[in-house]
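# Tertiary structure, described
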Amino acid sequence: MTEAASVRAARLVAATKWWGSRLPPPLWDSLLPALLLVNVMTTRAPHELPVALALTAALALPLVWRRRAPLTVFGAVTAAAFVQWLVGVQLLADIAVLVALYTAAANSGRRGALLTGAVVEAGVLLACLRWTADGAFLTPFAAVTAMTVAAAVLGVNVRTTRAYLAALEERAARLVREKEQQARLAVAEERTRITREMHDIVTHNLSVMVALTDAALYAQHRSPDRTTAAMLQVAETGRQALTDMRRSLGILRTDGPDAERHPLPGIAQLEALAEQMCAAGLPTGLEVHGSHTHIPAAAQLTVYRLVQEALTNALKHTPTGTDAKVRIRCSTETVTVDVTDSGSCPPPPTTATPSGHGIPGMRERSAAYGGTLEAGPLPGGGWGVRTRLSLGSSGTAASV
């Protein structure tokens, strides 16, 4: 092919694509019937024109609606072709049968494609038997059969490609929806985590600061040294609360100096927590059995928050003179947390606390590690909180 011919072919393909993308389907489907009608009017003799024109119209005009009702159009076209065979008139408009076959195969299942193809093949056999010369049956029959098979296969391929593209589009849309849903869930989980952390940090530290301030006011005239120590403890508690809040909000970098000076609280910091509660007026004993060095930092933070919340509830809701006991048992696969107090007034019912705060928040933290929190009055008096965390079913760090 010469360069000029290549350029003309490229321009023809481009023009076809341009018109195919811009012409509406009904107008595009009207082109072939119009060309066939023009052909029959310009090539037929005057005495043949009425019958030829009527048969061409019956064969070609239904193609205008082939996209809306492919099987109905196929039936109409094949019926017109059968009438043409009965009349005995050969027409170029027989190409409409192949177009109708292609459309039916492209819009029906495999069984529909086989059925319509068989109908057309029967018509091919009848036409070749009637209009071929003696001894020349095989060649035209094979040629027309090949065109019939090609039209049917092309229609099936178009239907398969269309279904494949639709499946790809549906899959892409589903992936987008799943990604958006995961993003919304991640945002909701992060909000829940921050809310839970803020509740534990603010409630605990404010309760301790209030208790220390009351103690300082009570002792300001009798023991100025104790007042000074209490106020210093209030200031330290406030600074620790600010640091914990900044960390929970993601402001502190893990490699920053503030993060090194105030590490993520864990089992090792329970002793300092017990001392803080003693200073606030709740004598607290601590027992840690087993090594905790192998426990992940997220699980240790969960243990710390559970103990912190239980002691804060005891500090807020029990009378003066109450003492608390914290027992931690660490093994290779579990961590058991047991916090009890001797107070006669139990904490308020858990149903009165909004979800995600207080005891419900403790239940969420425990459930993230496969534990079931038990909170309630003790048989001999007082209140107890107990749970067992499974290190093998731990949630993500964000869930604690």
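All figures in this text were calculated on a predicted structure; none of them were measured in a lab. (Residues numbered from 1 in each chain as written. Predicted model: local features only at pLDDT ≥ 70, side-chain atom pairs only at ≥ 80, totals over all residues. Heavy atoms only, no water.)

### Comments concerning the overall build of the protein chain
- When helices and strands are counted, the protein chain shows 13 helices and five strands.
- Counting over 400 residues, the protein chain shows a buried share of 36%.
- Within the protein chain, contacts between residues at least 6 apart in sequence are counted, and of these 69% link residues at least 24 apart.
- Approximately 22700 Å² of the protein chain is accessible, and the part contributed by carbon and sulfur atoms is 63%. (Helix = DSSP H or I, 4+ residues; strand = E, 2+ residues; numbered from the N terminus. Buried < 20%, exposed > 50% of the residue type's maximum accessible area, 1.4 Å probe, protein only. Contact = heavy atoms within 4.5 Å. Areas by Shrake-Rupley, 256 points an atom, 1.4 Å probe, with all protein chains shown as cover.)

### A look at the packing of helix 12 (residues 297-317) against helix 13 (residues 358-367)
- Following both chains from N to C, one finds helix 12 and helix 13 inclined at 160 degrees, their axes separated by 10 Å at the closest point. Judged by the inter-axis angle, helix 12 sits roughly antiparallel to helix 13. Viewed along their axes, helix 12 and helix 13 form a crossing whose handedness is left-handed. Between helix 12, through T302, R305, L306, E309, A310 and N313, and helix 13, the contact on the second element is made entirely by G358, I359, M362 and R365.
- Of the residues contributing to the contact of helix 12 with helix 13, the split by class is four nonpolar, three polar and three charged. (Axes fitted to C-alpha atoms, helices over the stretch in contact; angles between N-to-C directions. Parallel < 35°, antiparallel > 145°, perpendicular 65-115°, else oblique. Left-handed = near helix turned anticlockwise from the far one by under 90°. Nonpolar A, V, L, I, M, F, W, Y, C, P; charged D, E, K, R; others polar.)

### Some words on the pattern of salt bridges
- All told, the structure shown has three salt bridges when counted by the stated rule.
- Salt-bridge contacts for K325 lead to E287; the nearest nitrogen and oxygen are separated by 3.1 Å. Of this pair, K325 sits in strand 2 (residues 324-330) while E287 is found in strand 1 (residues 284-289), placing the two residues 38 residues apart along the sequence.
- Assessed through its relative accessible area of 25%, K325 is described here as partly exposed. (Salt bridge = Lys/Arg side-chain N within 4 Å of Asp/Glu carboxyl O.)

### What to know about the nonpolar core
- In this structure, L270, V303, V307, L311, I328 and V335 are the most contacted members of the largest nonpolar core, which totals 37 residues.
- Elements that contribute at least two residues to this core include exactly helix 8 (138-219), helix 11 (270-280), helix 12, strand 2, strand 3 (334-341), helix 13 and strand 5 (383-390).
- In terms of residues, this core owes the most to one element, helix 12, which gives ten residues.
- Leaving out residues up to four positions away in the same chain, V303 has contacts with I267, L270, I328, V335, V337 and L389.
- Counting 27 residues, the second largest nonpolar core, distinct from the first, contains A52, A60, A100 and C128. (Core = buried A, V, L, I, M, F, W, Y, C linked by side-chain atoms within 4.5 Å.)

### Considering the packing of aromatic side chains
- Summed over the entire model, instances satisfying the criterion amount to two aromatic pairs.
- Here F82 and W85 contribute two aromatic rings whose centre-to-centre distance is 5.9 Å and whose plane-to-plane angle is 20 degrees, an arrangement assigned as stacked. Of this pair, F82 and W85 both sit in helix 5 (residues 70-87), three residues apart, which is roughly one turn of the helix.
- On the basis of relative accessibility, which here comes to 22%, the residue W85 falls in the partly exposed class. (Phe/Tyr/Trp six-rings, centres within 6.5 Å; stacked < 30°, edge-to-face > 60°.)

### Overview of the environment of A299
- With respect to the element layout, A299 can be found in helix 12.
- Look at A299 and you get buried, because its relative accessible area is 1%.
- Linking A299 and Y369, residues 70 residues apart in sequence, is a C-alpha distance of 7.9 Å.
- Setting aside its immediate chain neighbours within four residues, A299 contacts Y369, L389 and L391.

### So, helix 11
- Those residues of helix 11 that sit buried are L270, L273, A274, Q276, M277 and A280. Buried residues of helix 11, seen end-on, are gathered within an arc of 160 degrees and therefore sit on one face of the element.
- Backbone geometry just downstream of helix 11 places G281 in the positive-phi region, at approximately 110 degrees. (Arc of directions from axis to C-beta.)

### Thoughts on the sheet that holds strand 5
- The strand order 1-2-3-5-4 describes an open sheet built from five strands, whose pairing is mixed. This sheet does not close on itself; its edge strands, each paired only once, are strand 1 and strand 4 (374-377). Between one strand axis and the next, the sheet turns by 10 degrees as a mean value, whatever way the strands run.
- Inspection of the sheet shows strand 2 paired to strand 3 by seven bridges, in the antiparallel sense. Each bridged residue has a counterpart across the sheet, and for A324 the counterpart in strand 3 is D341.
- Relative to the sheet, helix 11 contacts strand 1 and strand 2, its axis offset from that of strand 1 by approximately 165 degrees. (Pairing = 2+ DSSP bridges.)

### Some details on the pairing of strand 2
- Burial of the side chains of strand 2 is restricted to one face: A324, V326, I328 and C330 are buried, whereas none of K325, R327 and R329 on the reverse face is.
- Pairing between strand 1 and strand 2: six bridges, direction parallel. When the sheet's bridge partners are listed, V288 is paired in strand 2 with I328.
- Read from strand 1 through helix 12 to strand 2, the crossover connection turns out left-handed.
- The antiparallel pairing of strand 2 with strand 3 creates a hairpin that spans three residues between the two strands. (Right-handed = clockwise from strand over helix to strand, strands pointing away.)

### Details of the side chain of T387
- With respect to the helices and strands, the residue T387 is situated in strand 5.
- Aside from chain neighbours lying at most four places away, what touches T387 is L306, V335, T336, V337, S366, G371, T372 and L373.

### Notes on the packing of helix 3 (residues 31-43) against helix 4 (residues 49-60)
- Interhelical geometry of helix 3 versus helix 4 gives an angle of 170 degrees and a closest axis separation of 10 Å. Relative to helix 4, the element helix 3 is oriented roughly antiparallel. Two secondary-structure elements touch here, helix 3 through P33, L36, L37, V40 and M41 and helix 4 through L49, A52, L53, T56, A57 and A60.
- Residue composition of the contact of helix 3 with helix 4, by class: ten nonpolar, one polar and no charged.

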